Each structure stands twice: as C-alpha cells, then as structure tokens.
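Tertiary structure, described
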Amino acid sequence: MRISVIAGVFAITSRSSSNVAAFQVAPLPDSSASTTRRVSMLQSTAPEVESEEETKKWKESIKELCAERNIPFQKIKNARDLNSCNNSPIMPNRVYRMGKVTDATEQDMGILFDELNVRTLVDLRSRTELRDEMNGVHVHHDEEDSGAAALSSSERDVFEGFHDLTWSERKGVRSLNKTDEVLLDESRKERHFVSLMDEFKYVRGTLSKLRKRDIAKAVLKSPGAVVSKRVRGNVKAIFLDEINAGGLPLLNELVLKMAGPGIKYVLDLCADKSRHPVAFYCTAGKDRTGILASIILSVVGVPDEDIVEDYSLSANVYAEMNDHKAMVGALSQRNLDAKTFLGAPPQVMRDTLTAIRKNYGSVEAYMDSIGFGPSDREKLKKALLL
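Residues numbered from 1 in each chain as written. Predicted model: local features only at pLDDT ≥ 70, side-chain atom pairs only at ≥ 80, totals over all residues. Heavy atoms only, no water.

**Structural notes on the sheet that holds strand 7 (residues 278-281)**
Cut-off, in case you're wondering: Strand pairing follows a simple DSSP-based rule, namely that at least 2 bridges must link the two strands. Working definition: helices are DSSP H or I runs of at least four residues, strands are E runs of at least two. Numbering for both runs from the N terminus. Pairs of residues are marked as contacts when any of their non-hydrogen atoms sit within 4.5 Å. Note on geometry: axes are lines fitted to C-alpha atoms, helical ones only across the stretch in contact, with angles between N-to-C directions running from 0 to 180 degrees.
Ordered in space as 1-2-7-3-6-4-5, the 7 strands form an open sheet in which the pairing is mixed. Where the open sheet ends on each side, the last strands, each with one partner, are strand 1 (80-81) and strand 5 (172-175). Of the pairings in the sheet, the one linking strand 4 (residues 163-168) to strand 5 comprises 4 bridges and is antiparallel in character. What sits directly across from Thr166, in strand 5, is Arg174. Each of strand 2 (95-98) and strand 7 is contacted by helix 11 (residues 288-299), which is oriented at about 135° to strand 7, the strand it contacts most.

**Brief notes about the environment of Leu336**
Counting through the fold element by element, Leu336 comes out in the loop between helix 13 (317-321) and helix 14 (338-341). Linking Leu336 and Ala245, residues 91 residues apart in sequence, is a C-alpha distance of 10.0 Å.

**Points about the packing of aromatic side chains**
Note the threshold: The aromatic pairing rule takes the rings of Phe, Tyr and Trp, using the six-membered ring of Trp, and pairs them if the centres are within 6.5 Å, calling planes under 30 degrees apart stacked, those over 60 edge-to-face and the rest tilted. A simple rule labels every residue: compare its accessible area, found with a 1.4 Å probe on the protein chains alone, to the largest value its type can have, and call it buried under 20%, exposed over 50%, or partly exposed in between. We count a charge as sitting over a ring when the NZ of a lysine or the CZ of an arginine lies within 6 Å of the ring centre and within 35 degrees of the ring normal.
Under the criterion given, the structure shown has 4 aromatic pairs. Where Phe159 meets Phe162, the ring centres are 6.4 Å apart and the plane angle is 90°; that geometry is what we call edge-to-face. Both residues of the pair, Phe159 and Phe162, count as buried. Pairing Tyr360 with Tyr366 gives two aromatic rings, centres 4.8 Å apart and planes at 75°, and the pair type is edge-to-face. Residue Tyr366 is classed as buried on the basis of its relative accessible area, which comes to 1%. Members of the aromatic cluster, connected to one another through ring pairs, are Phe113, Phe159 and Phe162. Stacked on the ring of Phe159, the Lys or Arg Arg191 has its end atom at 3.7 Å from the ring centre.

**A look at helix 12 (residues 304-312)**
Here helix 12 lies mainly inside the structure; 8 of its 9 residues are buried. Those residues of helix 12 that fall on the buried side of the exposure criterion are Glu305, Asp306, Ile307, Val308, Glu309, Asp310, Tyr311 and Ser312.

**Quick word on the confidence of the model for the chain**
Spelled out, the test is: pLDDT measures how confident the predictor is about each residue, on a scale from 0 to 100.
The predicted model of the chain averages 79 in pLDDT, with 70% of residues at 70 or higher. Note that pLDDT drops below 50 for residues 1-41; the model gives that stretch 61 contacts with residues more than four away or on any other chain. Scored below 50 in pLDDT, residues 222-226 makes 8 contacts in the model with residues more than four places away or belonging to other chains.

**A look at unusual backbone geometry**
Omega for the peptide link from His276 to Pro277 comes to -5°, which places this bond in the cis form. Along the polypeptide, Pro277 turns up in the loop between helix 10 (260-271) and strand 7. The phi dihedral of Asn87 falls on the positive side, at around 65°, and the residue is not glycine. Positionally, Asn87 belongs in the loop between strand 1 and strand 2. Positive phi outside glycine occurs at Asn93, with the angle close to 65°. Tracing the backbone through its elements, the reader meets Asn93 in the loop between strand 1 and strand 2.

If you want it as structure tokens, here you go:
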C-alpha cells in the first residue's frame, strides 16, 4: 500500500468537508535583572512542573511583555518587530511578524503603511484559509495557486496599491494582477501569497512517519474500494490521532519538513533590502509565522531562551481573536485539541529548536537543506543587521 495513495484519499475528504502619530515600537528593557526574571518564569512553566501559581505569574509576564513589544493595532493581532526580541541584533523596521492583516482598521492601516511604511506583505496562509475569508466570493485560480485572484471590497481597501504575486513550488512566482506591469522604483508595494502548509501536506508528512502496517490496518478494516467512506474515515482518524498526540512540536516539525521551499522563498524576500520593511503573517501569527521568526532570529545569533520568550508572546492570540473557525497552522480547530493547539507554551519552541538540531545538525544546516546556503545567509544578515 503506497502512502501517497492514502494521503490522496484523505485529501479528497479534506476538500469536501492607540494614536497613530504617537506610535513607536516600545524599547527593550535595559534591566538585565528584569530579563532574567522573565526567562526564569518561562523556564518554570514547562508542562511537567507547571503549577497554578506559576501559570498565573507566567501569564502576567506575557501580558507585560506584549504591552511593551506588540504594535498597538486595533484589529491586527500579535504584531511586533523582530528587533523587539530580547538580544536581537536586527535593525528596527526591517522585518515584522503578525497575524492576518485583512481586518485592519483605518488606524491600523495608518500605522502599517504610513508610520511603518511596510512595502512587502507575505501571506503564509493556505488556499483554504484564503477561500474561507472571501465570505462566499468565488475565486478563479489554479489548484496550486496559494493566493486569491479576487478580493472582497474590504480587502481592496486594505491592499490598495499592492501588486499581488502568488508563489508555488511547481510554478514559481506569478502575478495575480490584471496588468503585468512591474514597477522597479521605491514606490513598488507587493503582497506575496506563499502557502507554507495545507491539509494535504500535513497528511503526507504525518503518514510518512507511520509504519506501513498501521496504515494498511486502517484500510483493511473496510474490505471495499480504497475511496470508501469507511476507509477515508479510518485514515483520517489515524492522521488526527497522530497530530493530536504529537501536539504543536509535531506540527512545527511537519512545517519544517514539508514547507522548506516556501520558507526559502520568504527568506529570500527578507534578504532583499529593497523590499524592506517586510511583514509576514498567517492567521494568528503564531505557528507558521513563529517558525519563520525563530529561524531568522536564530541565524542572526539570538539565544534560544529569547526566541522561546518571543514565541510565548503568542499565548493569548486565539483568545483575543475569539474566532472558533480560525485555522491553526492551516488545520481546522474542530479537529484539534484546543488546550494543546491554541496556546504557545515555552516548551514547544524549546522542543522545536532541539528537534532542528537533532534532525538537521543546526539551524544553518536546516537552511542548507532547503537551499538557503552560506551566501544567502550572509545576504540576509547584511540586509537585517547593517
């Protein structure tokens, strides 16, 4: 039984089923004692030693750090400059991480485009997420297109003046605008659709980790055609059981494994200083966005615990969004354990950084494996640090 066949079966099921003028990024705390205190809180809340009092202190610390570092948008969630991470050498106003920007208010747009002057937006969401956000607007585009060729009226307001481009591993970069005119001057503004993950990639990645005997067992429970509802249900159950058991560390592992080409494309954009400032985002700015941010922060020399701290600032974003339909890493919430997947526990990023070094040797070696080699990393560092 070929894994690709089973993955294809599940894929069928998945498809069916504050004041702007006064705004400034808050400076980093100067007190080393304050930094030590916060890191120790994060370390003390690993799942195996978590207590109610420690959890309360951790949440207070996260709330304090979010007030310091997050950009005070009204609707855009979880937004901050990578410069704001403790011990980050990245220059201000080069690269931002955030949640989706399509709900931006007039004030938010003033901050994003007038104050911060963001010129390049990178949407990491899946085609399914983009389609769902259209609120019933039918979008005409190929299966591999990770972006939308049609925009709702609210989106047109937010992204007015942006040149839309979609990237896919097979077809490369293509324009979604009616005109192919390309502006090469400093007025150029771009929005890139780069679908890092979708349900099918998660299925392929998950099933590749399972024994063939386990996969065959699901099929043999129903001695009919491989596309029967019972077989699809059995395979889906195995996939979801594995995902829920593995939690966010497995989700991050699969993103690293299956989204390498897309990650490289975004890193190339960040390495192009002519496109700065760059802002990349997914639905909540937590998982796919968090992986990209951790790779960039690590390669420029930010210590692991500071990367862990930055990731943990995403802990409350889903509660703030209050949207039970918002996807988690391109997967539907209804199939996931909310307690496991909607937060951002410090141990998750620790485990992810440890897994990168275990599986690839180092963050640099991982970047080599996706085609982002030493010369690319040097270009990225020059763009971000000088």
